[in-house]
Amino acid sequence: MRFLREIPLFLATAVFATAAQASPQNPPANLTSVAFQHFAKKLGEYQKLRKKIAGSAPTNVKSAAPETVKGTQVLLAQKIKSARSGAKQGEFFDPVIAQEFRKVLAATVEGEEGGKILASLHDAQKESPPHLGVNQSFPQGAAVPTTPPSLLLNLPPLPKELEYRIIGRQLVLRDADANLIIDYLPNALPAAKVGR
Amino acid sequence: MHYLLQRLAAEAMRIRKLFLVLTLFFVASLCPRSIGFVPVAYAQAQAAEAQRVTLPLASKSVRFAVIGDSGTGDRPQYQVGEQLEAFRKITDFNFVLMLGDNIYGGDHPDDFVRKFEQPYKPLLDAGVKFYASLGNHDNPNQDRYTPFNMGGKRYYSFKKGSVTFFALDSTYMSPEQLSWLEEQLRTSDTPWKICFFHHPLFSDGKFHGPDLDLRARLVPLFQKYGVNVVLSGHEHLYERLKPQGGISYFVLGNSGQLRVHNLRRSDQTESGLDTDQGFMIMEVAGDKLYFQYISRSGATIDSGVIERQAASAIRNAQAQ
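Residues numbered from 1 in each chain as written. Chains lettered and ligands numbered in written order. Predicted model: local features only at pLDDT ≥ 70, side-chain atom pairs only at ≥ 80, totals over all residues.

### Focus on the overall build of chain B
Phase 1 of the analysis: The helix and strand tally for chain B stands at eight helices and 13 strands.
Phase 2 of the analysis: Across the 320 residues of chain B, 47% fall into the buried class.
Phase 3 of the analysis: Considering only residue pairs separated by 6 or more positions, chain B has 69% of its internal contacts joining residues 24 or more positions apart. (Helix = DSSP H or I, 4+ residues; strand = E, 2+ residues; numbered from the N terminus. Buried ≥ 20, exposed ≤ 12 C-beta atoms within 10 Å, placed from the backbone. Contact = placed C-beta atoms within 7 Å.)

### Here's the deal with unusual backbone geometry
Residues and elements named next belong to chain B.
Phase 1 of the analysis: Its identity is not glycine, yet Asp 69 carries a phi of approximately 50°, on the positive side.
Phase 2 of the analysis: The backbone of Asp 101 shows a phi angle near 55°, a positive value even though the residue is not glycine.
Phase 3 of the analysis: Here Asp 101 is to be found in the loop between strand 2 (95-98) and helix 4 (109-117).
Phase 4 of the analysis: A count of 26 C-beta atoms within 10 Å places Asp 101 in the buried class.

### Digging into the nonpolar core
Phase 1 of the analysis: Core analysis: the biggest nonpolar cluster contains 73 residues, and Ala 65, Val 66 and Leu 231 of chain B have the highest contact counts within it.
Phase 2 of the analysis: If we ignore the near neighbours within four places in the chain, the residues touching Ala 65 of chain B are Leu 84, Phe 93, Val 96, Phe 279, Met 280 and Ile 281 of chain B.
Phase 3 of the analysis: The next biggest cluster of nonpolar side chains, apart from the first, holds 34 residues, and it includes Phe 39, Ile 97, Leu 151 and Leu 158 of chain A. (Core = buried A, V, L, I, M, F, W, Y, C linked by C-beta atoms within 7 Å.)

### A closer look at the sheet that holds strand 11 (residues 278-285) of chain B
All names here are of chain B.
Phase 1 of the analysis: With mixed pairing, six strands are arranged side by side in an open sheet as 3-2-1-11-12-13. Each end of this open sheet is capped by a strand with a single partner; those strands are strand 3 (129-132) and strand 13 (300-307). The average undirected angle you get between the axes of adjacent strands in this sheet is 20°.
Phase 2 of the analysis: Here strand 1 (residues 62-67) runs beside strand 2; their pairing, made up of three bridges, is parallel. Paired with Ala 65 across the bridge in strand 2 is Val 96.
Phase 3 of the analysis: Running at roughly 25° to strand 11, helix 3 (residues 75-91) makes contact with strand 1, strand 11 and strand 12 (288-295) of the sheet. (Pairing = 2+ DSSP bridges. Axes fitted to C-alpha atoms, helices over the stretch in contact; angles between N-to-C directions.)

### Remarks on the interface of chain A and chain B
One frequent convention defines the size of an interface as the accessible area lost when the parts assemble.
Phase 1 of the analysis: On the chain B side, the residues contacting the 31 residues of chain A number 33 residues.
Phase 2 of the analysis: Among the secondary structure elements, those contributing two or more residues to the side of chain A that touches chain B are helix 4 (66-83), helix 6 (114-124) and helix 7 (149-152) of chain A.
Phase 3 of the analysis: Among the residues forming the side of chain A that touches chain B, the class breakdown is 14 nonpolar, nine polar and eight charged. (Nonpolar A, V, L, I, M, F, W, Y, C, P; charged D, E, K, R; others polar.)

### With respect to the sheet that holds strand 2 (residues 170-175) of chain A
Residue and element names in this part refer to chain A.
Phase 1 of the analysis: A sheet is described by the order of its strands in space; here three strands give the open sequence 1-2-3, paired in antiparallel fashion. Strands with a single pairing partner mark the edges of an open sheet, and in this sheet they are strand 1 (162-167) and strand 3 (180-185). Strand-to-strand twist across the sheet, computed as the mean angle between neighbouring axes with direction ignored, equals 30°.

### A closer look at the confidence of the model for chain B
Residues and elements named next belong to chain B.
Phase 1 of the analysis: Looking at chain B, pLDDT values average 88 and 83% of them are 70 or higher.
Phase 2 of the analysis: Low pLDDT (under 50) marks residues 27-44, which in the prediction has nine contacts with non-local residues, meaning those over four places away or in another chain.
Phase 3 of the analysis: ipTM for the predicted complex: 0.80, alongside a pTM of 0.84. (pLDDT = per-residue confidence, 0-100.)

Here it is as structure tokens:
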């Protein structure tokens, strides 16, 4: 019976040993993959919340008057804020996920396409960036920085209502429909490349 | 002696004043709109220009107008709107492409009225349809605003006669959008393919310049599937570039905004304007696309014709 009780411990040790053995061969891919799976799970939970909210704040309006366009956004933002009232920076970008994002971003801007990406980012940052805060809206009328497509190709996919934006060196996760910052990752891009 | 010197000094002052007045008069005649001074010759030229249409106005052709960075709500936007209506009456274009930054500085219901519905009221009343693409100053929720005809989509396509138009969201060129574009271009069966979006792939504007990363992703698709014309805004000027790899590129970001002296002409610049606002009208008739760029005073600044290149020719141009 004692032997049976020790089976889970044995299995966990075996898995850990296998991972430890495999990691020197290809450590970033494994860790990144696990971290991004975890990130995808968090996104899935957010989507569930959004679906629940959508019942009272219609987001699939295809044609509307200006009042409805604005009203829908404001209502949706209020509902999300209320449902995530205690949300803090790092809920999506927890320390493990954050580290993997930073690695991927650094590799992307230091890679073959890096020069073009940085030039594109530099232009997008010409207008003063907004102050960042979870559950805050992007300022009305402020330019939203363009995210270089080569950067997007290297980041984990997002549900259609969310998007990545780069503000200075920070990576922002934004709910575009609600114009709301869901989370952000400080120092996401290497200072040596972006300079801020 | 002292009296003589005094007289000379007084005379010099008088001449200096006269010189100043003449200089002011000369400067005023150079930029009549900016200080509200319209010499007779200028007004006459303007009236004559207002009648000048270089499009052939062929039967069964596709005619449309193009505006970019328009939504300021300021006087120049309204003046461009007046010229659009004057030219619509002559050319009978029935839709307008919007190259982004459609509503600046906020998107309250009043902004949509002041920065879109009022300046283009005569066009809207005449049944002219607007097809918008999103700029970096636009709320993505504009895709639901009925008069922008985006159908709730940030990127979309539509057909008019022999032309398929592809409206792209260049502020967020996601992998999904790139896949969608490739599929749309691959299956498009019209002779003409025109893409329009906010950020220019080629530009001699000093403030922004071209978006190189976007160019690296889009140009290979455009060339592979034979896109003929690309229209962009963002840079607050007008520029027509020499064809790049068989594709004609226009930058038109001064239908409301204007950044004076922002164009640094280069070998690739064919024509440009950075001292006034304006818009463009286009006509596709058979294998020819006619274009005419008109300033807010009604003067024709640029016009010409683009011969349609076969997709294979554009692909070959890529290889050169």
